[in-house]
Amino acid sequence: MTNANTTTVPALVLKRTYQAPRERVYAAWTSPDVAAKFMGPGEVKATNVQMDVRPGGKYSITMLLTDGDTMIVSGTYREVRAPERLSMTWRWQEDDPKDEYDSLLTLEFNDLGGATELILTHDGIRTVESRGRHEGGWTKIVDQLSRAL
């Protein structure tokens, strides 16, 4: 039985094309040093980036906000197919652990003959408001990625 108050939030999908081979774009998402250069949206800085890129491996990213506060996101890699696809859970650390939940982030790297199309899909976000915040953050991140390449 479906709860009448349950709203299905559509997946967030962003597409970008980079003038770089997909191996390089994929490597940016799997190298902590490179990921730290673009994973903090806007003025937010990604610090303490840890990645064990293999199915079942864990990752963690601490984000330093402009006011000095930090936010931590972490998860588990579900699918790792270099240089084609990465899929991982995405979980924000909350003050109350009961508020934490896993969403699913999938990155597809399509070869365009020297260029790469990235398709970022973030599914399982619980609220429209949270989806909007994620869209703003992911938009900045995928735009910043071009400078990191």
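Residues numbered from 1 in each chain as written. Predicted model: local features only at pLDDT ≥ 70, side-chain atom pairs only at ≥ 80, totals over all residues. Heavy atoms only, no water.

## Describing the nonpolar core
Next, step 1: Counting 32 residues, the largest nonpolar core has Trp29, Met39, Leu107 and Trp138 as its most contacted members.
Next, step 2: If we ignore the near neighbours within four places in the chain, the residues touching tryptophan 138 are Leu12, Leu14, Trp29, Met39, Trp90, Leu105, Leu120 and His122. (Core = buried A, V, L, I, M, F, W, Y, C linked by side-chain atoms within 4.5 Å. Buried < 20%, exposed > 50% of the residue type's maximum accessible area, 1.4 Å probe, protein only. Contact = heavy atoms within 4.5 Å.)

## Comments concerning the environment of threonine 30
Next, step 1: Turning to its location among the elements, threonine 30 is positioned in helix H1 (residues 22–30).
Next, step 2: Put simply, threonine 30 and methionine 51 are 21 residues apart on the chain and 7.1 Å apart in space, counted from C-alpha to C-alpha.
Next, step 3: Beyond its immediate stretch of four places on either side in the chain, threonine 30 contacts Met51, Val53 and Leu86.
Next, step 4: At 3.3 Å, the side chain of threonine 30 and the backbone oxygen of tyrosine 26 are in polar contact. (Helix = DSSP H or I, 4+ residues; strand = E, 2+ residues; numbered from the N terminus. Polar contact = N/O pair within 3.5 Å; in protein donor to acceptor, adjacent residues only side chain to side chain.)

## Focus on the pattern of salt bridges
Next, step 1: In the structure shown here, the tally under the stated rule is nine salt bridges.
Next, step 2: A salt bridge links glutamate 100 to arginine 91, with the shortest nitrogen-to-oxygen separation between them at 3.5 Å.
Next, step 3: Aspartate 102 is the partner of arginine 91 in a salt bridge, and the nearest nitrogen-oxygen pair spans 2.7 Å. Of the two residues, arginine 91 is situated in strand E5 (residues 85–92) and aspartate 102 in the loop between E5 and strand E6 (103–111); the sequence distance between them amounts to eleven residues.
Next, step 4: Here aspartate 102 falls in the partly exposed class, since its relative accessible area comes to 38%.
Next, step 5: Taken together, the shared-partner salt bridges connect Glu79, Arg81, Glu84, Arg85 and Glu108 into one network. (Salt bridge = Lys/Arg side-chain N within 4 Å of Asp/Glu carboxyl O.)

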